[in-house]
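Residue-level listing of the chains:
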Amino acid sequence: LSGGQSYKRNVSIEKMTYNTDGSIKKVVVTTGIAQTRNFNPFDSIPAVTYSKQNRISAYTNVNNSGVRRVNLLVPRASGAWTRISGVDFGAGAKSFQIQGGGKASSAKVEIRTGSENGTLAGTCSIANTGSWTSLSVATCDVAGLAGVKDLYLKFTGTDSNTVFTWFKFIPT
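Residues numbered from 1 in each chain as written. Predicted model: local features only at pLDDT ≥ 70, side-chain atom pairs only at ≥ 80, totals over all residues. Heavy atoms only, no water.

A short note on the overall build of the protein
Here's step 1: Helix and strand counts for the protein stand at 0 helices and 12 strands.
Here's step 2: Scanning the protein from its N terminus toward the C terminus, one meets helices and strands in the order β-β-β-β-β-β-β-β-β-β-β-β.
Here's step 3: Here the protein, with 172 residues, has 39% of them falling under the buried criterion.
Here's step 4: For the protein, contacts bridging at least 24 residues in sequence account for 74% of all contacts bridging at least 6. (Helix = DSSP H or I, 4+ residues; strand = E, 2+ residues; numbered from the N terminus. Buried < 20%, exposed > 50% of the residue type's maximum accessible area, 1.4 Å probe, protein only. Contact = heavy atoms within 4.5 Å.)

Here's the deal with the pattern of salt bridges
Here's step 1: For the structure on display, the rule yields 1 salt bridge.
Here's step 2: Glu110 is paired through a salt bridge with Arg112; the nearest N and O atoms lie 2.7 Å apart. Of the two residues examined, Glu110 and Arg112, each falls in the buried class. (Salt bridge = Lys/Arg side-chain N within 4 Å of Asp/Glu carboxyl O.)

Quick look at the packing of aromatic side chains
Here's step 1: Across all of its chains, the model carries 5 aromatic pairs by this definition.
Here's step 2: Summarising the aromatic geometry, the rings of Phe96 and Phe167 are spaced 6.0 Å apart at their centres and angled 35° between planes, so their arrangement reads as tilted. In this pair, Phe96 sits in strand β7 (residues 93-102) while Phe167 sits in strand β12 (residues 162-171), placing the two residues 71 residues apart along the sequence.
Here's step 3: Joined through ring pairs, the aromatic side chains of Phe89, Phe96, Phe167 and Phe169 make up one cluster. (Phe/Tyr/Trp six-rings, centres within 6.5 Å; stacked < 30°, edge-to-face > 60°.)

With respect to a nonpolar patch on the surface
Here's step 1: Where nonpolar side chains cluster on the molecular surface, the patch consists of Met16, Tyr18, Ile24 and Val27 and spans about 390 Å² of accessible area.
Here's step 2: Along the chain, Ile24 falls in the loop between β1 (8-10) and β2 (45-46).
Here's step 3: On the basis of relative accessibility, which here comes to 44%, the residue Ile24 falls in the partly exposed class. (Patch = residues over 30% accessible without salt bridge, like charges linked within 9 Å, V, L, I, M, F, W, Y side chains within 5 Å. Areas by Shrake-Rupley, 256 points an atom, 1.4 Å probe, with all protein chains shown as cover.)

Structural notes on the nonpolar core
Here's step 1: In terms of nonpolar packing, the biggest core is built from 27 residues, with Phe96, Ile98, Ile111, Leu153, Phe167 and Phe169 touching the most fellow members.
Here's step 2: When residues of this core are traced back to their parent elements, those giving at least two are β6 (81-88), β7, β8 (108-113), β9 (119-125), β10 (136-141), β11 (148-156) and β12. (Core = buried A, V, L, I, M, F, W, Y, C linked by side-chain atoms within 4.5 Å.)

Brief notes about the environment of Val148
Here's step 1: By the element assignment, Val148 lies in strand β11.
Here's step 2: Exposure remark for Val148: the relative accessible area of 47% places this residue in the partly exposed category.
Here's step 3: Here the alpha-carbon distance between Val148 and Asn38, two residues 110 residues apart in the chain, equals 7.6 Å.
Here's step 4: If sequence neighbours within four positions are ignored, Val148 has contacts with Asn38, Gly86, Val87 and Asp88.

The following block contains the structure:
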């Protein structure tokens, strides 16, 4: 992004309660309620699933089959990231898959835990597909992903905007 501009979106959910007359009590915004369950990383996860992000934008488009999808746009500024809290890898994950593309010649996604600069579990290259509508699936090996972790997908090496639509892990 130019001019030091940064996009940040943090999701917070608040509990709503009712007065005896049925009206909603005033909601006081806090840091949100506790996570209700851990996240399953072995499902295909839409790119817009995250609990926190930095320098990421979401947009929708219609693919060649007429299907509307929401994508995440990773700007050309390296270091953008998304976080998913409380990801339960159980006994472990052996690989990671991500569908993405764009015109970047060296875009990569680093799979990290704990923070955007935390423990590196693996790195996948995102193909230069020549456009945001032509996508491919990249797969890479990961290590050290067992139990419950806060997961960060950090995007590096982007010299042009990159998109991704979904990701998932393959269990050991």
